[in-house]
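# Results of the structural survey
What follows is each chain in one-letter form.
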Amino acid sequence: MLSVRDLNTYYGRAHILADVALEVAEGEVVVLLGRNGAGKSTTLKSIMGWARPRSGEIVFDGRRIDRLPTYRIARAGIGYVPEDRRIFTDLSVIENLDVGRQRGGWSPERVFALFPNLAQARDRPAARISGGEQQMLAIARCLMGNPSCILLDEPSEGLAPLVVDQLAAVLRDLKSGGVAVLLSEQNWRFASAVADRAYVIEKGRIRFGGTMSELAADETVRARYLAV
């Protein structure tokens, strides 16, 4: 569904991503693992058009999207939840969902079935819900746009273990419904619970690509590129 080939992205003269290549299939969860500053967020921003690649190809659902503006990439079916969530804190939960709503597919009722905590807080201002609920709201608002592929930037960061487990269950539900998910993460436990395959990025280059079981068995890669 999503294919990234030989992607090179710069911030000014700084070469941030170097020949990055990865793929995500329909109904698959793929995790991009790496330390802070490795290039995880820039990879997602490049796919979404927030950081314009200088070279390479991004193909989604058989169509090149690397030269499209961000709003057209979103309309093509890619949803994006950035690390800082970007929810509207002065709007209620239900109003945040209405902001992202597109015709067909996801409805508030369907989202509330996936996130029961949000249903209980539907009329509460987003500023007055917990950090975990804000993360759920960011994902829920993304789903209201009816994406077939979702990019999640470090969704488990700062969340309590119980909330992380709830988030893992949500991602498994989305996967079973055929949604493709690409997430950037540093949380090995969370990644192992949800992902089918992994890529490891370090200094803007992909250093490993394979199944989660293959990565779990490769102590050299994990020690070299993931250990803190």
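Everything that follows concerns the structure shown earlier in this document.
Overview of the structure. Note that this is a predicted model, so its numbers are computed, not measured.

With that out of the way, let us pick up the sheet that holds strand S6 (residues 78–81). The pairing of strands in a sheet happens through backbone hydrogen bonds and is either parallel or antiparallel. With mixed pairing, the six strands of this open sheet are ordered in space as S6-S7-S8-S3-S9-S10. Since the sheet does not close on itself, it has two edges, and those belong to S6 and strand S10 (205–211), each with one partner. In this sheet, adjacent strand axes meet at a mean angle of 15° when their direction is disregarded. In this sheet, strand S8 (residues 180–185) lies alongside strand S3 (residues 29–33) in parallel orientation, the contact comprising five bridges. Residue Val30 lies in a different strand from S8, and its bridge partner there is Leu182. Sitting on the sheet, helix H6 (residues 131–143) touches S6 and strand S7 (149–153), and the angle it makes with S6 is about 165°.

Okay, the packing of helix H3 (residues 93–100) against H6 next. Where H3 contacts H6, the two axes come as close as 7 Å, and the packing angle between them is 35°. For the crossing formed where H3 meets H6, the hand is right-handed. Contact with H3, carried on its side by Val93, Asn96, Leu97 and Gly100, involves Leu137, Ala140 and Arg141 of H6 and no other residues of that element. Split by residue class, the contact of H3 with H6 holds four nonpolar, two polar and one charged.

Here we take up the nonpolar core. The nonpolar side chains of a soluble globular protein tend to be buried with one another. Ranked by size, the top nonpolar core spans 49 residues in total, and within it Phe115, Leu174 and Leu183 carry the most contacts. Apart from residues lying up to four places away in sequence, Leu174 is in contact with Trp106, Leu114, Leu143, Ile150 and Val179. One finds Ala38, Ile58, Tyr80 and Cys149 within the second-largest nonpolar core, a separate group that totals 26 residues.

On the basis of which strands lie adjacent, the open sheet formed by four strands has the order S2-S1-S4-S5 and antiparallel pairing. Only two strands of the sheet have a single neighbouring strand rather than two, namely strand S2 (14–24) and strand S5 (63–64). Its contacts with the sheet place helix H1 (residues 40–48) against strand S1 (2–11), S2 and strand S4 (55–60), and it is angled at close to 110° to S1.

Here is what the cut-offs are and how they apply
- Residues numbered from 1 in each chain as written.
- Predicted model: local features only at pLDDT ≥ 70, side-chain atom pairs only at ≥ 80, totals over all residues.
- Heavy atoms only, no water.
- Pairing = 2+ DSSP bridges.
- Helix = DSSP H or I, 4+ residues; strand = E, 2+ residues; numbered from the N terminus.
- Axes fitted to C-alpha atoms, helices over the stretch in contact; angles between N-to-C directions.
- Contact = heavy atoms within 4.5 Å.
- Left-handed = near helix turned anticlockwise from the far one by under 90°.
- Nonpolar A, V, L, I, M, F, W, Y, C, P; charged D, E, K, R; others polar.
- Core = buried A, V, L, I, M, F, W, Y, C linked by side-chain atoms within 4.5 Å.
- Buried < 20%, exposed > 50% of the residue type's maximum accessible area, 1.4 Å probe, protein only.

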